[in-house]
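Each chain, letter by letter, is given below.
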Amino acid sequence: MTGFLIQRLLQAIVIMAVMSVIVFAGVYAIGNPLEVLLPPEAPQDIRDAVIKRFGLDRPLWEQYGLYIYNLFQGDLGRSYIYNEPVLQLIFGRLPATIELVLTSVIGALVIGVPLGIWAGYRPNAFSSRAIMAVSILGFSVPTFWIGLILILTFAVNLGWLPSGGRGDTVEVLGVAWSVFTLDGWSHLILPATNLALFKLAIMIRLARAGTREVMLSDTVKFARAAGISEGTIIRRHVLKLISIPIATVFGLELGSTLAFAVVTETIFAWPGVGKLIIDSIQNLDRPVMMAYLILTAGLFVTINLVVDLVYALLDPRLRRRAAP
Amino acid sequence: MKPFSWAIALGGLLVATAAGAQTLTVGVRGGPESMDPHFSALGPQADAVKHIYDTLVGTGVDLQLEPSLATSWEPIDDVTWEFKLREGVKFHDGSDFTAEDVKFSIERIPNVTGPTTMEIYIRRIADVEIVDDYTLRITTDGPAATLPFDFVRLFIVSSAAAADFSDIESATEGFNSGEAAIGTGPFKYVSWEPKGELVLERFDDHWRGAAPWESVVRREISDDSSRLAALKAGDVDLINYVSSADYLALERDNDINTFLGDSVYVMNLQLDQRDETPKVYAKDGSPLGENPFQKKAVREALDLAIDRETMVDIVLEGLGTPARQLMPEGFFGSSDEIEAKPYDPDRAMELLAEAGYPDGFAMDLYCTNDRLPGDGAICEGLGQMFAQIGIDTNVNAISRSVYFPAQARKEYSAFMNGWGTLTGEASYTLGSLAHSPNEEVRMGAFNRIEYENPEVDRLMQAGSKELDADKRRAFYEEAMKLTVEDRAYLPIVVLQTVWAANADAVGDVATRADEETLAFYIQPAS
Amino acid sequence: MTDASAPRAISPFRRFWSRFFEDRIAVAALIVVIVFAALAFLAPWIAPQDPYDLAGLSLRDARRPPGYVGSGGYVHWLGTDAQGRDLLSAILYGLRVSIQIGIAAGAVALTIGTTVGIVAAYARGFTESVLMRVVDLQLSFPPILLALVLVAVLGQGKMQLVVALVTAQYAYFARTAYGAASAERAKDYVEAAAATPLSGARIVFRHLLPNAMPALIVVATVQIAYAIALEATLSFLGLGLPVTEPSLGMLISNGVKYMMSGRTWISVYPGIALIILIVAINLVGDHVRDILNPRLEK
């Protein structure tokens, strides 16, 4: 098992290295980041001086080498825009995003899986068809569109909930959280719903598909014939078997939601990293992009690792292989 | 006293207290980048930090110069300006403002400024000499007629409070924590985080008098619809940059007041003047073998093809005015003699035929779509108008992060972006755009079409050295006329800006041409 | 568990269709998809206006409500957009673009992703490790950045967008195929089959692929819808297609800013067209999956 973990760790490092090269080369391909930031009226000598000060007059490989060298000193650089160390900038906003993402994904899981199981258990019931209709709508409508509709309906027309921002927060373990305050929840609920709908749709579909398969399997037929109660069947067989695809998708979606909370954060003015990264892309704030993408890559590798481990736990057939 | 008048007096008192205790919450499109006022020259940054710090020279609503921390200034010889400073001004920590603070502020800029460099405002300064506590002499590297205009963004920090926070490593920490964020402005710094809320509280000893708001919260909401939604939901009292899409509907809304002002931004179409230009083709895609934009008839045809009235009325839904020159009318150096540009597509087609393109040609038109209000839509509108005179136009409205680096590499032939005359005078605009690129005289840095008119160059150089304002104005007016006449730059529209406020919270908003939303000049509803 | 490859009396193709027609909703959805595809295909002949021909547009017709008679002399049944395009025409042409992009991106991503996932599951060892690590790499790359880089390097356009969408999506197929196939690969009968001189292709096509199919079809229906929605989102962020040839997504994002001022038709009608299209695709996909799934046979 330890060997397995070390192997994955090495892979993670390789991935992050490759990522950093891709981003560096990508930004380089777009052009000199400072051309977006320099005041347009700045005369050429000032332009050259600033570009030199930021080391952007050097060849690509030299810039990259310097970046890596500093990286190993634990220095990921400072944002071109905010001049704050990028880690401070990212970690300062990460809790808001994590809070939003976890609320969405867990909400989607907790609501979606039971609905999906029901829809798969009674596939022809009216309620099941209604659930499926909702799930299909859930991933048919683009997120930004739903977000605006939610704001128009609940914040502007009805005036029930705030239109954006994060609301009151409480410090827990040195980090500000809004899930622990009522005002925080009132701010959280719209963006979380917005972000969760797509995941909810996926959870419902996966749970339904899995349940339908299991319910028609011989195992369940025999179990029923043996007089085992329906509740026990669902707990013992259905939940166990559908948990594998759900674990995969949950892992993938957790990561992708983190990376793609951009749109929701933009619309709801949620002060998380998603907004930060889209703005840094638009400003070509390379240090922030680099740090964010390296961190995200690391996070994804971690999530995939956890998913693989959960696989092994859930599916005993794979365990033979994972622990030789 | 009768009970009746008691009630009035009491009522008056209550109103006064309520007004004094008010908080103004503003939804702004862009927030500051740092609490260090010398870090960035960007517009939203200046807008935010102007609450905390004063500039050496002030600007009024229409960008006219006015006294601020300097009460008067005059050139005493060709290369020296003398500034008299205001006496009795207090910093937020209670200390006195003196000439030392100005010198300190100027000298720390090169050490702390970021990529949107503030060095542009001090580039002419050779030396700063303190004559006494309230007199300052500034020597320039040559005759610098426009020096006072450069100082409208020269923020003054406390030399005592910022002494230990004046290198690029420590400055941000010192200022963002509030320790060094000591200014003379109408508000004191309370808290801020990047992209978050800037919280300010009133500085009662401000030299202009106390601000009408007890505290101010500036919340960054970059999306136009979300910002308006926040206003309608009552989460914020005031928003800036109302989208042209929402303006007409808002005007009809009784709960919301709108405030319309002219901006400093002009949308310019820029036509490459080099011998070879990359993005112009014959209609079948083959090379043309020449740059049609070098022909004046072609440039004039494009100019005549632009229906500026329609651009304003339809595309911007009224939020603009047809542009005649490269800056708004009335700015220092703009010309009164430039006529409104006619719209005449038939004449445009004749001109194209005369220039040897009876069937037109094809071109790629590039512009930003995320920088200024309406930029992408104006670009599409231009595409339609050029198509109507037979020029197949492939419209590329793209992100500024792609646009500007490529534009700097001179990869475009016909391109449009906005230009803001932030200082309110012509040397800023014509010096960057109309003068031919010339590193020696440090002009033409943004002339990406390599436009060159020797007479314009001569006038701009003469103007930069002319200390007499009237003579200088004449040079610039002439340069403006010649540039517009050459039609390498085609001004399209002057943008307007709209603020919107909840009628029960905000009474009046100063509609500043620099688009700043300064709480000091915003009146509570009575 | 019955073997999916067991021989049957009637051809699987006819069996499939006879089962497909049992569900009326699915049939209706299929008709909708066919009608939409036909409308998209026939757009140049049936649309009142060519919305790509800039010379044929007039800004004077911009943002007119449904029913307005424009300078072209015909009724704009769904109104016009901010550039004076007839919305009905723009939607028909937009359908064309969206369907092209969705299908192209979905099909390429499915093919590449499935191949990678199943090869990894079958080959194991070094190949598995390398392939799945590349997939992880892909998953850690936000498509927005990828799109921005591609727009910068290649310029805006359909091909660039499809490349970006495929790169963003194939990894999901690969992960899914790999997950299902590796679980199957570990089963005794596959292990046993792999130990015999049976060809690798046979194991892949008879055992691994069929078992991965249901999950892949779920993902594929989701992903085609997702491709179209992602394209709309990229447009919303200003990174999508050229504005002059709008997809449905682009039409919606262009219209969103007029929602607050009550001119909802500009984004609502393209939105409805998009939603109907995606819902219909998904309903068809759902039903196909139910039929194809060997484990759901009664």
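Residues numbered from 1 in each chain as written. Chains lettered and ligands numbered in written order. Predicted model: local features only at pLDDT ≥ 70, side-chain atom pairs only at ≥ 80, totals over all residues. Heavy atoms only, no water.

### As for the overall build of chain C
Item 1. A tally of helices and strands in chain C yields ten helices and two strands.
Item 2. Sequence-ordered secondary structure for chain C, helices as α and strands as β, is α-α-β-β-α-α-α-α-α-α-α-α.
Item 3. Sequence-distant contacts in chain C: of pairs separated by 6 or more residues, those separated by 24 or more amount to 70%.
Item 4. A total accessible area of about 11500 Å² is found for chain C, and carbon and sulfur atoms account for 68% of it. (Helix = DSSP H or I, 4+ residues; strand = E, 2+ residues; numbered from the N terminus. Contact = heavy atoms within 4.5 Å. Areas by Shrake-Rupley, 256 points an atom, 1.4 Å probe, with all protein chains shown as cover.)

### Points about the domain arrangement of chain A
Residues and elements named next belong to chain A.
Item 1. Once the domains are mapped, chain A shows domain 1 (1-80 + 288-324) and domain 2 (86-283).
Item 2. On a C-alpha basis, the centres of domain 1 and domain 2 stand 28 Å from each other.
Item 3. If you look at the interface, domain 1 gives 21 residues, while domain 2 gives 23 residues.
Item 4. Summed over both sides, the interface between domain 1 and domain 2 buries roughly 1900 Å², with carbon and sulfur atoms accounting for 80% of that surface. (Domains from an automatic or database assignment. Buried area = accessible area lost by both parts, 1.4 Å probe.)

### Digging into the side chain of B:E317
Item 1. The residue B:E317 is located in the loop between α9 (308-315) and β14 (320-322) in this model.
Item 2. Overall, B:E317 belongs to the buried group, its relative accessible area being 7%.
Item 3. Looking at B:E317, its side chain comes within polar contact range of the side chain of C:R63, at 3.4 Å. (Buried < 20%, exposed > 50% of the residue type's maximum accessible area, 1.4 Å probe, protein only. Polar contact = N/O pair within 3.5 Å; in protein donor to acceptor, adjacent residues only side chain to side chain.)

### Side note on the interface of chain B and chain C
Item 1. Across the contact, 29 residues belong to chain B and 24 residues belong to chain C.
Item 2. Among the residues chain B hides against chain C, the three largest losses belong to B:I314, B:E380 and B:Q384. Together they make up 27% of the total.
Item 3. The residue C:R60 makes a salt bridge to B:D307 at a minimum N-O spacing of 3.7 Å.
Item 4. Linking chain B with chain C are 13 residue pairs in polar contact (both at pLDDT 80 or more), by the criterion used here. (Salt bridge = Lys/Arg side-chain N within 4 Å of Asp/Glu carboxyl O.)

### Let's talk about the state of the cysteines
Residue and element names in this part refer to chain B.
Item 1. Applying the stated rule across the entire model yields one disulfide over all chains.
Item 2. Covalently, C367 is tied to C379 through a disulfide, its sulfur atoms 1.7 Å apart. Because the torsion about its S-S bond is -70°, the bridge between C367 and C379 counts as left-handed. Placement of C367 in strand β15 (residues 362-368) and of C379 in helix α11 (residues 375-388) is noted, with a sequence separation of twelve residues between them. Like C379, C367 is buried. (Disulfide = S-S within 2.5 Å.)

### Concerning the pattern of salt bridges
Item 1. Applying the stated rule across the entire model yields 46 salt bridges over all chains.
Item 2. For the salt bridge of A:R58 with A:E62, the shortest nitrogen-to-oxygen distance reads 3.5 Å.
Item 3. Since its relative accessible area comes to 36%, A:R58 is described here as partly exposed.
Item 4. On the basis of relative accessible area, A:E62 is assigned to the partly exposed category, the value being 28%.
Item 5. Its salt-bridge partner being B:K481, residue B:E478 comes within 3.7 Å of it at the nearest N-O pair. Here B:E478 and its partner B:K481 are both found in helix α15 (residues 469-486), three residues apart, which amounts to about one turn of the helix.
Item 6. For B:K481, a relative accessible area of 27% corresponds to the partly exposed category.
Item 7. One salt-bridge network, held together by shared partners, links B:K296, B:D303, B:R308, B:K341, B:E485 and B:R487.

### Some words on the packing of helix α2 (residues 24-46) of chain C against helix α3 (residues 87-123) of chain C
All names here are of chain C.
Item 1. α3 packs onto α2 with a crossing angle of 130° between their chain directions and a minimal axis gap of 8 Å. Looking at the two axes, α2 sits oblique to α3. When the axes of α2 and α3 are compared, the crossing they make is left-handed. The segment α2 lies against α3, with F36, A37, L39, A40, F41, A43, P44 and I46 engaging L92, Y93, L95, R96 and I99. (Axes fitted to C-alpha atoms, helices over the stretch in contact; angles between N-to-C directions. Parallel < 35°, antiparallel > 145°, perpendicular 65-115°, else oblique. Left-handed = near helix turned anticlockwise from the far one by under 90°.)

### Some thoughts on the sheet that holds strand β7 (residues 135-140) of chain B
All names here are of chain B.
Item 1. An order of β4-β5-β7-β6 is seen for the four strands of this open sheet, with the pairing classed as antiparallel. A single partner strand is all that each edge strand has here, and the edge strands are β4 (70-77) and β6 (125-132). Strand-to-strand, the axes of this sheet are offset by a mean angle of 20°, without reference to chain direction.
Item 2. With six bridges connecting them, β4 and strand β5 (residues 80-85) associate as antiparallel partners. Paired with D77 across the two strands is T80, which belongs to β5.
Item 3. Across the sheet, helix α3 (residues 99-112) touches β5, β6 and β7, and the angle it forms with β6 is around 165°. (Pairing = 2+ DSSP bridges.)

### Comments concerning the packing of aromatic side chains
Item 1. Applying the stated rule across the entire model yields 27 aromatic pairs over all chains.
Item 2. Here A:F154 and A:W160 contribute two aromatic rings whose centre-to-centre distance is 6.1 Å and whose plane-to-plane angle is 45°, an arrangement assigned as tilted.
Item 3. Ring centres of B:Y403 and B:Y412 lie 5.6 Å apart, and the angle between their planes is 40°; this geometry places the pair in the tilted category. Taken as a pair, B:Y403 and B:Y412 share a single burial class, namely buried.
Item 4. Among the aromatic side chains, those forming a connected cluster through ring pairs are B:Y366, B:Y403, B:F404, B:Y412, B:F415, B:W419, B:Y428 and B:F446.
Item 5. Of note, B:R29 hangs over the ring of B:Y241, and the distance from its end group to the ring centre comes to 3.9 Å.
Item 6. When the ring centre of B:F520 is taken as reference, the NZ or CZ atom of B:R208 above it lies at 5.8 Å. (Phe/Tyr/Trp six-rings, centres within 6.5 Å; stacked < 30°, edge-to-face > 60°. Lys NZ or Arg CZ within 6 Å of the ring centre and 35° of its normal.)

### Topic: the nonpolar core
Item 1. One finds A:F144 and A:W145 to be the most contacted residues of the largest nonpolar core, which totals 120 residues.
Item 2. The element that contributes the greatest number of residues to this core is helix α8 (residues 200-236) of chain C, accounting for 15 residues.
Item 3. One finds A:L89, A:Y292, B:I182 and B:L198 within the second-largest nonpolar core, a separate group that totals 105 residues. (Core = buried A, V, L, I, M, F, W, Y, C linked by side-chain atoms within 4.5 Å.)

### Points about helix α7 (residues 143-157) of chain A
All names here are of chain A.
Item 1. Its 15 residues give α7 an end-to-end C-alpha distance of 20 Å, which sits within 8% of 21 Å, the value for a rise of 1.5 Å per residue.
Item 2. Buried within α7 are the following residues: F144, W145, I146, G147, L148, L150, I151, L152, A155 and V156.
Item 3. Two residues or fewer past α7, G159 is found with a positive phi of approximately 70°. (Expected span 1.5 Å × (residues − 1).)

### Considering the confidence of the model for chain C
Residues and elements named next belong to chain C.
Item 1. Averaged over every residue, the pLDDT of chain C is 79; the share at 70 or more is 84%.
Item 2. Mean pLDDT values over the elements of chain C span from 60, in helix α5 (residues 143-154), up to 91, in α2.
Item 3. A low-confidence stretch, residues 1-8 (pLDDT under 50), is modelled with eight contacts involving residues beyond four sequence positions or located in other chains.
Item 4. Both scores are given for the predicted complex: the pTM is 0.84, the ipTM 0.83. (pLDDT = per-residue confidence, 0-100.)

### Describing unusual backbone geometry
Residue and element names in this part refer to chain B.
Item 1. Positive phi is not limited to glycine here, since K195 has a value of about 65°.
Item 2. Tracing the chain through its elements places K195 in the loop between β8 (187-192) and β9 (197-202).
Item 3. Since its relative accessible area comes to 10%, K195 is described here as buried.
Item 4. In this structure, Y241 is a non-glycine residue whose phi angle is positive, near 50°.

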